[in-house]
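Structural features, examined
Chain by chain, the residues:
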Amino acid sequence: MNPSDNKRDAKIPTKFVLPFILLLLLPGIGSAIGTSFLSIPSTARELALGANPVIAVTSTANPALTRVGGNGINLDFSYGQWLVGTSETTIGIAGRLFGGEMGLRIRYTGLNDLELRSDTPTDAPLAYFGAYGVAIGGNYARQLGVTTRLGVAVRIVNIQMYTASSNGIAVDLGGVQQIGKKLTVGLSLLNLGTMSPMADKSPQLPVRVLGGMAYSYDYGDISNVVTVASEWLNTRKALILRLGNEIYWKKVIIQVSSQFSEQVAIVSGGFGFRVGIYQFHYGVQFGSRNLGTPQMIDVSVRLP
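Here is what the cut-offs are and how they apply
- Residues numbered from 1 in each chain as written.
- Predicted model: local features only at pLDDT ≥ 70, side-chain atom pairs only at ≥ 80, totals over all residues.
- Heavy atoms only, no water.
- Pairing = 2+ DSSP bridges.
- Helix = DSSP H or I, 4+ residues; strand = E, 2+ residues; numbered from the N terminus.
- Buried < 20%, exposed > 50% of the residue type's maximum accessible area, 1.4 Å probe, protein only.
- Phe/Tyr/Trp six-rings, centres within 6.5 Å; stacked < 30°, edge-to-face > 60°.
- pLDDT = per-residue confidence, 0-100.
- Contact = heavy atoms within 4.5 Å.
- Polar contact = N/O pair within 3.5 Å; in protein donor to acceptor, adjacent residues only side chain to side chain.
- Salt bridge = Lys/Arg side-chain N within 4 Å of Asp/Glu carboxyl O.
- Core = buried A, V, L, I, M, F, W, Y, C linked by side-chain atoms within 4.5 Å.

What follows covers the pairing of strand S2 (residues 87-97). Two elements, strand S1 (residues 73-81) and S2, share nine bridges in a ladder whose sense is antiparallel. In the sheet register, Gly80 faces S2, and the bridge partner there is Glu88. Hairpin connection from S1 to S2: five residues lie between these consecutive antiparallel strands, with Val84 at a positive phi of about 45°.

Here's what the structure looks like:
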């Protein structure tokens, strides 16, 4: 975020910086940047189906969902746009290690060309700046018996806006329980931790409690998974309900979901397909927030 012209080199008075920092930490704008970037979808499959602690859409919803096919290594790359033009990039690698499955994920969420303006109307801003959030960490999952699976994740978190920054650590815990052949239930507790002060105030991590269930059944060549999940988020103090459906047909995956809360109604969808060792996925979300249309793509490679 180095300045590229004289205006960008302008010194920003503290009285202007502080309001913007606090603004970015609020739930509304903070859903793009600030610690709340940890609660937005990080992959196309998660965007399409919604965060669910049961189905292995992504381990960000439950560290127990870290899975690797066979004894090889999985490489994942996700890129897309969230609300108000925020970019989202995630890179992950996972493999079998220490009797379980271990993964490493690097996540970046950024918003550029923010304008700093005073209370007096002007044609040009005082300066331009950017804001971003980065999370780097590892997760580990292990099967206990035939029906139980537990996982844990630890991440280093950094958020920055212009010259102000905050660092911290976040821990995720989760478990999945298989009940019979068709029903699976799960529970996860995400983003437990602390952040260092930023503008004389420590940002609040978005603690999430997710519970969910998935019911799967086959119809000929089609495998269908119906999902129900709920989420409590400490920054909103409200319950979020998600309903989803994921369909597998040969090498094609189709997803559709809906999300409801007191203030927002959202409909999402996506599709994916596999070609050899590669898998591609696209997800899109439509909501009542009128702040843009989030879209993401995933590319996964399974190495032997």
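A positive phi angle, close to 55°, is found at Phe98, a residue other than glycine. Inspection of the secondary structure assignment puts Phe98 in the loop between S2 and strand S3 (100-116). By relative accessible area, Phe98 is classed as exposed at 61%.

Two descriptors summarise a pair of aromatic rings, namely the distance from one centre to the other and the angle between the planes of the rings. A complete count under the given rule lists four aromatic pairs for this structure. Both rings, one in Tyr215 and one in Tyr217, keep their centres 6.1 Å apart while their planes meet at 40°; by these two values the pair is tilted. Judged by relative accessible area, Tyr215 falls into the partly exposed class, the value being 38%. When its relative accessible area of 34% is taken as the criterion, Tyr217 is described as partly exposed.

Let us now look at the confidence of the model for the protein chain. Of the residues in the protein chain, 82% reach a pLDDT of 70 or more, and the chain-wide mean stands at 83. The low-confidence segment residues 1-32, where pLDDT is below 50, has 62 contacts with residues more than four positions distant or belonging to other chains.

Quick look at the pairing of strand S7 (residues 183-195) now. Bridge count for strand S6 (residues 164-179) against S7 is eleven bridges, and the pairing is antiparallel. Within S7, the position partnered with Leu173 by the bridge is Leu189. Between the antiparallel neighbours S6 and S7 lie three residues, among them Gly180 with a positive phi of about 75°. Where S7 meets strand S8 (residues 208-219), eight bridges bridge the pair, whose relative direction is antiparallel. Each residue of the ladder has a partner; that of Ser188, found in S8, is Leu210.

Mapped onto the fold, Ser257 is located in strand S11 (residues 252-260). One polar contact links the side chain of Ser257 to the main-chain carbonyl oxygen of Ala48, over a distance of 2.7 Å. Other than its neighbours up to four places away in sequence, Ser257 contacts Ala48, Leu49, Gly50, Leu243, Gly244, Ile266, Val267 and Ser268.

With that settled, consider the side chain of Asn234. Position of Asn234 among the secondary structure elements: in the loop between strand S9 (222-233) and strand S10 (238-249). Discounting residues that sit within four places of it in the chain, Asn234 has contacts with Gln204, Leu205, Pro206 and Val207.

What follows is about the environment of Tyr217. Within the secondary structure layout, Tyr217 lies in strand S8. For the pair Tyr217 and Leu183, spaced 34 residues apart in sequence, the C-alpha separation works out to 9.4 Å. Those residues in contact with Tyr217 that lie beyond four places of it in its chain are Ile222, Ser223, Asn224 and Val226. There is a polar contact of 2.8 Å between the side chain of Tyr217 and the side chain of Asn224.

Inspection of the secondary structure assignment puts Gly138 in strand S4 (residues 127-144). By relative accessible area, Gly138 is classed as partly exposed at 33%. Residues Gly138 and Val154, spaced 16 residues apart in sequence, show a C-alpha to C-alpha distance of 5.8 Å. Those residues in contact with Gly138 that lie beyond four places of it in its chain are Gly103, Leu104, Val152, Ala153 and Val154.

A word on the pattern of salt bridges. According to the stated counting rule, one finds seven salt bridges in the structure shown. Where Arg107 meets Glu88, a salt bridge forms, and the shortest distance between an N and an O atom there is 2.5 Å. Of this pair, Arg107 sits in strand S3 while Glu88 sits in strand S2; the two residues are 19 residues apart in sequence, bridging distant segments of the chain. By relative accessible area, which is 7% here, Arg107 ends up buried. With a shortest N-O distance of 2.5 Å, Asp172 and Arg155 are connected by a salt bridge. Linking Asp172 in strand S6 with Arg155 in strand S5 (residues 148-161), this pair joins segments that are 17 residues apart in sequence. With a relative accessible area of 3%, Asp172 lands in the buried category. Look at the salt bridges and you will find they share partners, linking Arg96, Glu101 and Arg149 into a network.

Our next topic: the nonpolar core. Formed by Phe37, Leu38, Ala131, Ala135, Val157, Ile159, Met161, Ala164, Ala170, Met195, Met198 and Leu205, the largest nonpolar core amounts to twelve residues. Broken down by element, the residue count for this core peaks at three residues, all from S5. Ala44, Trp82, Leu83 and Met296 belong to the second largest nonpolar core, which has six residues in total.

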